[in-house]
Amino acid sequence: MSDETILLPENASLPDNTALSKSTMVPTDHQPTSFKAVTGNTTTANAMGADRGGIITARGTGDGLVLRLDARVAPASLKEALVEFVIARKGFLSGQAVALEWVGSKPEPGFVDEISLLLKEEFDLEVRASNVRHLGVPAREVGNRAPDSAVLGRAADRDKGEKPLSLFDGVEMLNIDESMSLGDPGKTDPLKANVFDNNWDEADARFLQITLRSGQKIETEHSLVIMGDVNSGAEVIAGGDIVVLGSLRGVAHAGAYDETGGGRSIFALDLQPTQLRIGLVISRGTGDRTKTDRSGPEQPGGAEIARVDGNMIVVEPYLVRGSKGSPPAWTRFGFGKKK
Amino acid sequence: MNSRNGNGKKSECEIIVVTSGKGGVGKTTATASLGAALAIKGKRVLVVDADIGLRNLDVILGLENRIVFNLVDVAKNICKSNQAIIKSKKSNNLFLLPASQTDDKDVVDEEEVKAVLDGLRREFNFILVDSPAGIEQGFKNACSGADSALIVTTPEIPAIRDADRVIGLLSAKGIEPRLIINRIDYDMVRRGDMLSVADVQDILGIELIGVIERDENIIVAANCGEPVVYNQKSKAGQAFSRVAARLCGEQIPMSTTDGSGLLGRLTRLWA
């Protein structure tokens, strides 16, 4: 089974035919081994072994061996764990070319080189590739527990008590000790994460003037601005934010490499998505398809922005002045300097 | 089978593939009807059935008893193309190259089909290729060698989504698509039970070349083996005739009863 993750090439103006025609949906070989509690007997169909809380797993693919590394772990600990891991499997791994796969968040720029060097010099392991894997949707979470219970909540609907589906339900938290912890993910308030600190350096936003047709997919580590429509059946996956200057009718996944979603948001001039995903939270659209007259009052009729609030995705109108002229809702997300 | 006009000059041929993605939306009907309508206007037309294994174009034209050789035979050089091509019953300008019924779609590939079609360019003004449903080898074969495409859809969400997919694939091949909306029922549109032309255009955003109303005469015509354009009373037949005129370059405004001006709703193709 070969890796079908497609990262947008650096100089993309119009992605070529092969990249867009692949209609791969969610990668279903995704096993969230790094997010499972450690019992020592993590046996998943693909993992050839996990180490130290599943920080490092290895699996075989059609292209060769892939080492999955949890990028949230502190570099020193990760290195240590990696060394342990490789030594334990020396016979099996020696002379191989491996691909590195980072999950959880993006690794520091120099770190990937450090690891590659380490593997080459100490263990004679050639690193043939290094990719950041977007989160996708853990396969066993979807199925009978398909997100029927997670409904895009308009802010006003939140009080109606609809039970949201959190993909953390039923998945035990990673058991990592204090020295490796980056803080309790449940308590991180993505809204407080200083947008400029995190995002300014990688503010590479890919800008595309394109209408994505059904079956086409774009994936990038950066933020994505699409001037055009995203039709039903198309997918947009971004490590950053997603801005659609048109109608969003397909599936959009923002903050796709960060399990908290990183405070990312999805904006569209006409938000009628099939599904929205931010980090690991997934919600379906409330598009009422029985009614064909879409000029009715159900759509606020303007630009909307979706973000994570707790374990739910909340959609709010983008340009709304509160009574008495208070600032628009979107500035409360910490975007502009006005607070 | 000489398409030279009076002073011996060759006229240019346009190869158009009629496709949809979704099955059952009216590709074969459209191919037969447009072929017949163009022939009535004096053009030399070949309609090619590319739906190998599930051929229908011959039935719609009433020529199923006359088939001896077919597209696969021509592609594999078992016979010459003029041995396989059949003249239609009612018109001296309309010809059919039928498909094989006993093979399946993988029996020929794109190069073979393109070679056959290119060899026929000299003989005709229009070659309409009836594509099978789907996006696999049959569709790819039908698109090979096409200069432009006609996408047929009905105003229903599954059909529109499939059409959208096909538009994306055709754009990637560099084939320019135009849209035919089939089986629209303006009463249902007014009641809000059916998507309107504007709704469909909102999603697909390509040049609209025709809107065909739902018409019982089409079913009758299919069973009788006579394309609906020969029936003067049929609204669908009249609509197909208008599409044929537009294919010839005539400027005919869309006649709609929903009142919206459609001439402004042209290409929104971001490329």
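Note that the coordinates shown come from a computational prediction; the quantities given were computed from them, not determined experimentally. (Residues numbered from 1 in each chain as written. Chains lettered and ligands numbered in written order. Predicted model: local features only at pLDDT ≥ 70, side-chain atom pairs only at ≥ 80, totals over all residues. Heavy atoms only, no water.)

1. Considerations on the overall build of chain A
Alright, step 1. The helix and strand tally for chain A stands at five helices and 17 strands.
Alright, step 2. In chain A, which comprises 339 residues, the proportion classed as buried is 47%.
Alright, step 3. Intrachain contacts of chain A at a sequence separation of at least 6 include 56% that bridge at least 24 residues. (Helix = DSSP H or I, 4+ residues; strand = E, 2+ residues; numbered from the N terminus. Buried < 20%, exposed > 50% of the residue type's maximum accessible area, 1.4 Å probe, protein only. Contact = heavy atoms within 4.5 Å.)

2. Points about the environment of Gly262 of chain A
Residues and elements named next belong to chain A.
Alright, step 1. Among the secondary structure elements, Gly262 is positioned in the loop between β12 (251–254) and β13 (265–271).
Alright, step 2. Using a relative accessible area of 23% as the deciding quantity, one classes Gly262 as partly exposed.
Alright, step 3. Taking C-alpha positions, Gly262 is 8.2 Å from Gly240, a pair spaced 22 residues apart along the chain.

3. Describing the confidence of the model for chain A
All names here are of chain A.
Alright, step 1. For chain A, the average pLDDT comes to 65, and 53% of its residues sit at 70 or higher.
Alright, step 2. For chain A, per-element mean pLDDT is lowest for helix α1 (residues 17–21), which scores 35, and highest for strand β11 (residues 242–248), which scores 95.
Alright, step 3. Segment residues 1–48 is flagged for pLDDT under 50; beyond a separation of four residues in sequence, or across chains, it makes 113 contacts in the model.
Alright, step 4. Of the regions scoring below 50 in pLDDT, residues 138–201 engages in 103 contacts with residues more than four places distant in sequence or in other chains. (pLDDT = per-residue confidence, 0-100.)

4. What about the pairing of strand β7 (residues 176–184) of chain B?
Side chains on a regular strand alternate between the two faces of the sheet.
Residue and element names in this part refer to chain B.
Alright, step 1. With respect to burial, β7 is a largely interior element, seven of its nine residues being buried.
Alright, step 2. Sheet topology note: the strand β6 (residues 148–153)/β7 ladder contains six bridges and is parallel. Within β7, the residue paired with Val152 across the bridge is Ile180.
Alright, step 3. You can see the chain leave β6, run along helix α7 (residues 157–173) and come back into β7, and the turn it takes is right-handed.
Alright, step 4. Across four bridges, the pairing between β7 and strand β8 (residues 208–213) is parallel. What sits directly across from Ile180, in β8, is Gly210. (Pairing = 2+ DSSP bridges. Right-handed = clockwise from strand over helix to strand, strands pointing away.)

5. Focus on the pattern of salt bridges
Any two side chains of opposite charge can pair, given that their charged atoms come close.
Residue and element names in this part refer to chain B.
Alright, step 1. Across all of its chains, the model carries 22 salt bridges over all chains by this definition.
Alright, step 2. For Asp118, the salt bridge identified is with Arg121, shortest N-O distance 3.3 Å.
Alright, step 3. The partly exposed category is assigned to Asp118, whose relative accessible area is 32%.
Alright, step 4. For Arg121, a relative accessible area of 24% gives the class partly exposed.
Alright, step 5. When the shortest N-O distance is used, the salt bridge between Arg121 and Asp147 registers 3.1 Å. (Salt bridge = Lys/Arg side-chain N within 4 Å of Asp/Glu carboxyl O.)

6. Things to note about the confidence of the model for chain B
Atomic detail in the predicted coordinates should be set aside for any region of low pLDDT.
Residues and elements named next belong to chain B.
Alright, step 1. For chain B, per-residue confidence averages 89 on the pLDDT scale, and residues scoring 70 or more make up 90% of the total.
Alright, step 2. Overall, residues 1–9 carries pLDDT values under 50, and its contacts beyond four positions in sequence, including any with other chains, amount to 15 contacts.
Alright, step 3. For the stretch residues 258–271, pLDDT sits under 50, and the model shows 25 contacts to residues farther than four places along the chain or on other chains.
Alright, step 4. Complex prediction metrics read pTM 0.65 and ipTM 0.72.

7. Structural notes on the nonpolar core
Residues and elements named next belong to chain B.
Alright, step 1. Leu46, Leu97, Ile127 and Val129 are the most contacted members of the largest nonpolar core, which totals 54 residues.
Alright, step 2. It is α7 that provides the largest number of residues to this core, a total of six residues.
Alright, step 3. Within the second largest apolar cluster, 38 residues are counted, among which are Ala30, Ala36, Ala39 and Val243. (Core = buried A, V, L, I, M, F, W, Y, C linked by side-chain atoms within 4.5 Å.)

8. Describing the sheet that holds strand β1 (residues 14–19) of chain B
Residues and elements named next belong to chain B.
Alright, step 1. With respect to topology, eight strands assemble into an open sheet ordered β3-β4-β2-β5-β1-β6-β7-β8, the strand pairing being mixed. Each having just a single partner strand, β3 (86–87) and β8 make up the two edges of the open sheet.
Alright, step 2. Relative to the sheet, helix α1 (residues 27–40) contacts β1, β2 (45–49), β4 (94–97), β5 (126–130), β6 and β7, its axis offset from that of β5 by approximately 165 degrees.
Alright, step 3. Lying over the sheet, α7 contacts β1, β6 and β7, oriented at roughly 170 degrees with respect to β6. (Axes fitted to C-alpha atoms, helices over the stretch in contact; angles between N-to-C directions.)

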